[in-house]
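What follows is each chain in one-letter form.
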Amino acid sequence: MNGAASRRARSTWPRPVMHGRDAELATVESLLDGARAGRSAALVVWGEAGIGKSALLGHATAEAADMTVLAQTGVETESELPYAALHLLLKDVTEGADDLPEAQAGALRAALGLAAAGPPPDRFLVGLAVLTLLAELACDRPVLCVLDDAHWFDRASAEVLLFAARRLEAEAVVMIFAARTRHAPAFPAPGLAELSLPRLDDVAARCVLDAAADDLPRHVREQLLREAAGNPLALHELPAAHRAGRAPVYPLGPPEAGRGGSAPTHSPVEREFAARIAALPERVRTLLLVAAADGTCDTGVVLAAAQRLGCSEADLEAAERARLLMFHEGCLGFHHPLIRTAAYGSATMVRKQEAHRALADVLEGRPDVDRRNWHRAAASIGPDEDVAAALEESARSATDRGSNEASAAAYERAGSLSPDPQRRARRLAAAAQAAADAGHRDWAAALAVEAGKHARDQVHLARLAMIQARLADEVNRPEETHRLLLEAAVPTAAVAPELTGEMFMWAIEAGWSARDRDMIDRVVAAVDHMGLPTAVHIRALAAVAVAQLADDEDAALPAAVAGLRELVVCHGSGAPRVTATLAAWHLALGDHVTAHELAAGAERECRSQGAHGVLPRVLAVLAISRWHLGRWHDAAAAAAEGLQIARDVGQAQAVGELCAVLSHLAAVEGDEVRLTSILGEFDGQRPPRDFPDVAASARSLLDLGLGRFDSAADRFAELVVHPSHRQSLPDLVEAAVRAGRVELACDAAARFDRWAGHVGQPWARAVALRCRALVEPSDRAERWYAEAVAQHRLDGTRPFERARTELLYGEWLRRDRRRAQARSPLRSAHDTFEELGARPWAERARAELRATGESRTETQLPGPDLLAELTPQELQVVRLAAAGLSNRDIGARLFLSPRTVGYHLYKAFPKLGVTSRAQLVRLDLPA
């Protein structure tokens, strides 16, 4: 990587003088100093057009003379091309991909169009490749990435760069993004530090204006000061407008730019740039328009296209003399991004079409096929099947390169240019699917509706309905999801029975989510009249759903358990997503051991296949099973990793499931502050439909551990009304008994006993015995406690539940004045709670031991839990290092750079009392 690292991409910016920005300059300089010390950072600079974002990035570049600098500015005309911004950012260092792990190198080459055709690269793998590449570059000297006008980056590039930025830790890499706050596409960058640039105060604004307009009369400067309103670029440029006799004109309310076109110029500075351009000769204006429409810095392409429109090199020189265009190392660019916006936005549609047509002609026969196709599309004035077919090929290419956003845009434009209605419907449907896969719900919904206007084929209509159903499901509208699926499934059965079966299964799940028995019955009634190959699966799922919604729980419970067992048997494992569902059904049957085996296998498969979009769901099931197995540190590690990925890809349902695990861990550990923070994940947003139940369950468990029994009983009583929360019944039993609400406790104990009898799990039987001991008269409780403890010890799983049984048994023995006999179960409970980290429960056990006359403190444990000292990230790194994986292999597993892996090991070794990787093996860490 030495050759790549030694190359430095120099910025086109001069070192700017920035008045009134001392704090902002200090922030940027501190990031650079941190990189020189081996630390990494990422920052998003926000501000309106002309506020000084580019100048601040220019200052960073000028200060980074001792660093490798990679720079890229977003361009509107490139925003639909997959990985266009990433390609230009990395174009001088792509040979560094040769030194990346094979899977990462392949993904990066595929994304950048440098590899032969193959499966679409996984977006996470591309992001990891970028992270590793930057880290490798930083081995020689720190790296600075300056990313201006990031709101115009194509979405694939933006997501990959943000993915890398969020995972920076100890690579000596700084990434600074700049994006507009108004009149530009959104640039969501959650998880990154932000810096907002305000308008200049009066003192700073006068300093800027005095430097730009010291030749103008004072009253003119005062007028310009008011008109610029603290915008630095306006303070620089408006004096020139005054000298040229152009009075600044300000918009009353600029229109927003829509998809596929530009808004008129609307900021004061853009209007000034547009006026300067309008004053130039026509051929110079044409050349500027071609350069703006091109979007690259390829001087040869721009000049060749402009020459087709009557321009010459003299016109190029005139644009340079006017300080609108500039050259650097053979690259043609604009002095400021707003000049490009003004040059393109102020041109007529006819002139834009001419420019794009000329560019398309020049690109014919060159490798930039997608760019040429988009120029052809921009030059089209009506339906054109040749252009539509070419854009469809670009859409497929975008899919192959892993950019669903670019694919959706190309399919959409191809559809709009299609003369044939059926081809238009097919292309718009493909656009809708790609937009949905990219997470753009509103765009996907509009495309699906438009495609439906032209579709006639029943399978196409069914797939459109599934897209719309998915969109409804993602915003928690199960009734609409059910309606869309059922209406489309019935007429599709004769031509696509497998597809119909899939839609019916989904419709049942929607009815279950809505807790509407009638919705489920309508699906079953439809299935009864069809000979679908998946009918047995559909009826089994319907039986489970109906049982969960039944008023008579006693009558419905056998059907619910039988239905789940039928699904488990007939479903079988398969792809990771299917296996995760299967594992979840095992959890519903109380079989956390099998669930863990399945989820662990699905996790390995996800990582080996690069199926990282499925990973959050798999990690959620894995974390739940680890929680039940008593592997709480591992559960937290899996949940934390899954949560970060789920946030990255916007999987709200998975975020809710992972927050459920983390919130329950915080509850049993007695950490109320952390619990509140976790449950605030969806503040100001619409949470997943079951998140209120998650919050109630976690808060109730916290209350139970802290001795707030009345509050816990109230919450649990409300929660367990729904049969899906049967496994919380033992918590209600204990809370209700402690609160003196015996009738409520007896009812909950009886319900759990029936469920435990049907699922047949030993741990469930042990807990049912514990519940019976709690509600039985005191003189009959001992038998049930003793049987429960014995059953737990035979089973050997769910250590938290075993320790709770031992604690309650010890408490009962102590109250029965058998203090010596009470100590054994209390000691066992105490040690288990301490090992798990269940602090309030451990304190209860210590208090009971003191009441028996035995004093026990935390230091009397057999040995410290060293793993408890590690962060979730450190724990994952340590486990993989102990298994013999290299830093690169660990980084590939956990989406970290190798240097960050090394940093985590450096932090973990002292906590574990080891000095080498070889010593980790002797710690005997569970897999």
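Caption draft 1: Examining the overall build of the chain more closely. Along its length, the chain carries 46 helices and 7 strands. Its C-alpha atoms give the chain a radius of gyration of 32 Å, within 12% of the compact-globule value 30 Å for 927 residues. Its C-alpha atoms put the chain at 105 × 65 × 55 Å along the principal axes. Of all 927 residues assigned to the chain, the portion counted as buried reaches 55%.

Caption draft 2: Main features of the pattern of salt bridges. Summed over the entire model, instances satisfying the criterion amount to 58 salt bridges. The salt bridge partner of lysine 91 is aspartate 92, with a shortest N-O separation of 3.7 Å. The exposure class of lysine 91 is partly exposed, given its relative accessible area of 40%. For aspartate 92, a relative accessible area of 32% translates into the label partly exposed. A salt bridge links arginine 372 to glutamate 364; its shortest N-O distance comes to 3.7 Å. Judged by its relative accessible area of 54%, glutamate 364 is exposed. Connected via shared salt-bridge partners are Asp731, Glu734, Arg738, Arg770, Glu801, Arg804, Glu811 and Arg844.

Caption draft 3: Representation of the nonpolar core in the model. Core analysis: the largest hydrophobic core is formed by 188 residues, its most contacted members being Leu86, Leu108, Met175, Phe177, Phe187, Phe504 and Phe833. Broken down by element, this core gets its largest block of residues, 11 residues, from helix α32 (residues 652-668). Counting residues in each nonpolar core, the second largest holds 53 residues, with Ala204, Cys311, Ile339 and Tyr344 among its members.

Caption draft 4: Expanded view of the side chain of serine 728. If you trace the backbone, serine 728 turns up in the loop between α35 (709-719) and α36 (729-738). The exposure class assigned to serine 728 is buried, which follows from its relative accessible area of 10%. Discounting residues that sit within four places of it in the chain, serine 728 has contacts with Ser697, Phe716, Leu719 and Val720.

Caption draft 5: Representation of unusual backbone geometry. At tyrosine 83, a residue that is not glycine, the phi angle is positive and equals roughly 60°. Note that tyrosine 83 resides in the loop between β2 (68-73) and α4 (84-90). We note that arginine 515 has phi near 55°; this positive angle belongs to a residue other than glycine. Mapped onto the fold, arginine 515 is located in the loop between α24 (497-514) and α25 (517-527). Under the relative-accessibility criterion, arginine 515 is labelled partly exposed at 46%.

Caption draft 6: Structural detail: the packing of aromatic side chains. Scanning the model with the defined rule gives 13 aromatic pairs in all. Here tyrosine 785 and tyrosine 809 contribute two aromatic rings whose centre-to-centre distance is 5.6 Å and whose plane-to-plane angle is 25°, an arrangement assigned as stacked. Taken together, the positions of tyrosine 785 in helix α39 (residues 778-795) and tyrosine 809 in helix α40 (residues 799-815) put the pair 24 residues apart, joining distant regions of the chain. Taken individually, tyrosine 785 and tyrosine 809 each receive the classification buried, so the pair is uniform in this respect.

Caption draft 7: Just the sheet that holds strand β3 (residues 143-148), in detail. Taking strand neighbours across the sheet as the criterion, the 5 strands line up as β2-β3-β4-β1-β5 in an open arrangement whose pairing is parallel. Among the strands making up the open sheet, the edge pair consists of β2 and β5 (193-196). When the angles between neighbouring strand axes are averaged without regard to direction, this sheet yields 15°. Inspection of the sheet shows β3 paired to strand β4 (residues 173-180) by 5 bridges, in the parallel sense. The residue bridging valine 146 from the neighbouring strand is isoleucine 176, located in β4. Running over the sheet, helix α7 (residues 155-166) touches β1 (41-47), β3 and β4 and is turned about 135° from β4.

Caption draft 8: Spotlight on the pairing of β1. With 7 of 7 residues buried, β1 lies mostly within the body of the structure. Residues Ala41, Leu43, Val45 and Gly47 of β1 are buried on one face, and the alternating residues Ala42, Val44 and Trp46, pointing to the opposite face, are buried as well. Pairing of β1 with β5 involves 4 bridges; the strand directions are parallel. What sits directly across from valine 44, in β5, is glutamate 194.

Caption draft 9: Seen up close, helix α15 (residues 337-345). For α15, the buried fraction is high: 8 of the 9 residues fall into the buried class. Within α15 the residues assigned to the buried category are Pro337, Leu338, Ile339, Arg340, Ala342, Ala343, Tyr344 and Gly345.

Caption draft 10: Quick look at the environment of leucine 133. Positionally, leucine 133 belongs in helix α6 (residues 123-137). Here leucine 133 falls in the buried class, since its relative accessible area comes to 0%. Distance from leucine 133 to arginine 371, taken between C-alpha atoms, is 26 Å for residues 238 residues apart in sequence.

Caption draft 11: Representation of helix α31 (residues 632-649) within the structure. For α31, spanning 18 residues, the distance from its first C-alpha to its last is 26 Å, which sits close to the expected 26 Å at 1.5 Å a residue. Within two residues after α31, glycine 650 carries a phi angle of roughly 70°, on the positive side.

Caption draft 12: Local environment of the packing of helix α2 (residues 22-36) against helix α3 (residues 53-63). Packing of α2 against α3 brings their axes to within 10 Å, and their N-to-C directions diverge by 35°. Pair α2 / α3 crosses with right-handed handedness. Touching Glu24, Leu25, Val28, Glu29, Leu32 and Arg36 of α2 are Leu56, His59, Ala60 and Glu63, all from α3. The residue makeup of the contact of α2 with α3, split by class, is 5 nonpolar, 1 polar and 4 charged.

Caption draft 13: Broad picture of the environment of leucine 32. Along the chain, the position of leucine 32 falls in helix α2. Note on leucine 32: relative accessible area 1%, which makes it buried. Setting aside anything within four residues of it in sequence, one finds leucine 32 in contact with Ala60, Glu63, Met67 and Leu144.

Caption draft 14: Region of interest: the environment of glycine 707. With respect to the helices, strands and loops of the structure, glycine 707 is situated in the loop between α34 (691-705) and α35. The partly exposed category is assigned to glycine 707, whose relative accessible area is 34%. Sequence-wise, glycine 707 and glutamate 354 are 353 residues apart; in three dimensions their C-alpha atoms are separated by 76 Å.

Caption draft 15: Quick peek at the packing of helix α41 (residues 819-836) against helix α42 (residues 839-851). At a closest axis distance of 9 Å, the pairing of α41 and α42 adopts a crossing angle of 160°. The angle between the axes of α41 and α42 places the two elements in the roughly antiparallel class. Crossing hand, α41 versus α42: left-handed. On α42, the residues touching Arg819, Arg823, Leu826, Arg827, His830, Phe833 and Glu834 of α41 are Trp841, Ala842, Ala845, Arg846, Glu848, Leu849 and Ala851. Looking at the contact of α41 with α42 residue by residue, the class counts come to 7 nonpolar, 1 polar and 6 charged.

Caption draft 16: Region of the structure containing the confidence of the model for the chain. With 91% of its residues at a pLDDT of at least 70, the chain reaches an overall mean of 85. Within the model, pLDDT remains below 50 along residues 247-265, and this stretch shows 35 contacts once partners closer than five positions in the same chain are excluded. Under a pLDDT of 50 for its full length, residues 858-864 has, in the predicted model, 7 contacts with residues more than four places off or in other chains.

Caption draft 17: Region of the structure containing the state of the cysteines. For the structure shown, the criterion picks out 0 disulfides. Lacking any disulfide linkage, cysteine 606 is separated from the closest cysteine sulfur, that of cysteine 659, by 19 Å.

Caption draft 18: Inspection of the side chain of threonine 481 at higher detail. Along the chain, the position of threonine 481 falls in helix α23 (residues 478-492). Polar side-chain contacts of threonine 481 include one of 3.0 Å to the backbone oxygen of arginine 477. Setting aside residues no more than four positions away along its own chain, threonine 481 makes contact with Ala469, Ala472, Asp473, Trp506 and Ala510.

Thresholds, definitions, all that
Residues numbered from 1 in each chain as written. Predicted model: local features only at pLDDT ≥ 70, side-chain atom pairs only at ≥ 80, totals over all residues. Heavy atoms only, no water. Helix = DSSP H or I, 4+ residues; strand = E, 2+ residues; numbered from the N terminus. Rg over C-alpha atoms; globule rule 2.2 N^0.38 Å. Buried < 20%, exposed > 50% of the residue type's maximum accessible area, 1.4 Å probe, protein only. Salt bridge = Lys/Arg side-chain N within 4 Å of Asp/Glu carboxyl O. Core = buried A, V, L, I, M, F, W, Y, C linked by side-chain atoms within 4.5 Å. Contact = heavy atoms within 4.5 Å. Phe/Tyr/Trp six-rings, centres within 6.5 Å; stacked < 30°, edge-to-face > 60°. Pairing = 2+ DSSP bridges. Axes fitted to C-alpha atoms, helices over the stretch in contact; angles between N-to-C directions. Expected span 1.5 Å × (residues − 1). Left-handed = near helix turned anticlockwise from the far one by under 90°. Nonpolar A, V, L, I, M, F, W, Y, C, P; charged D, E, K, R; others polar. Parallel < 35°, antiparallel > 145°, perpendicular 65-115°, else oblique. pLDDT = per-residue confidence, 0-100. Disulfide = S-S within 2.5 Å. Polar contact = N/O pair within 3.5 Å; in protein donor to acceptor, adjacent residues only side chain to side chain.

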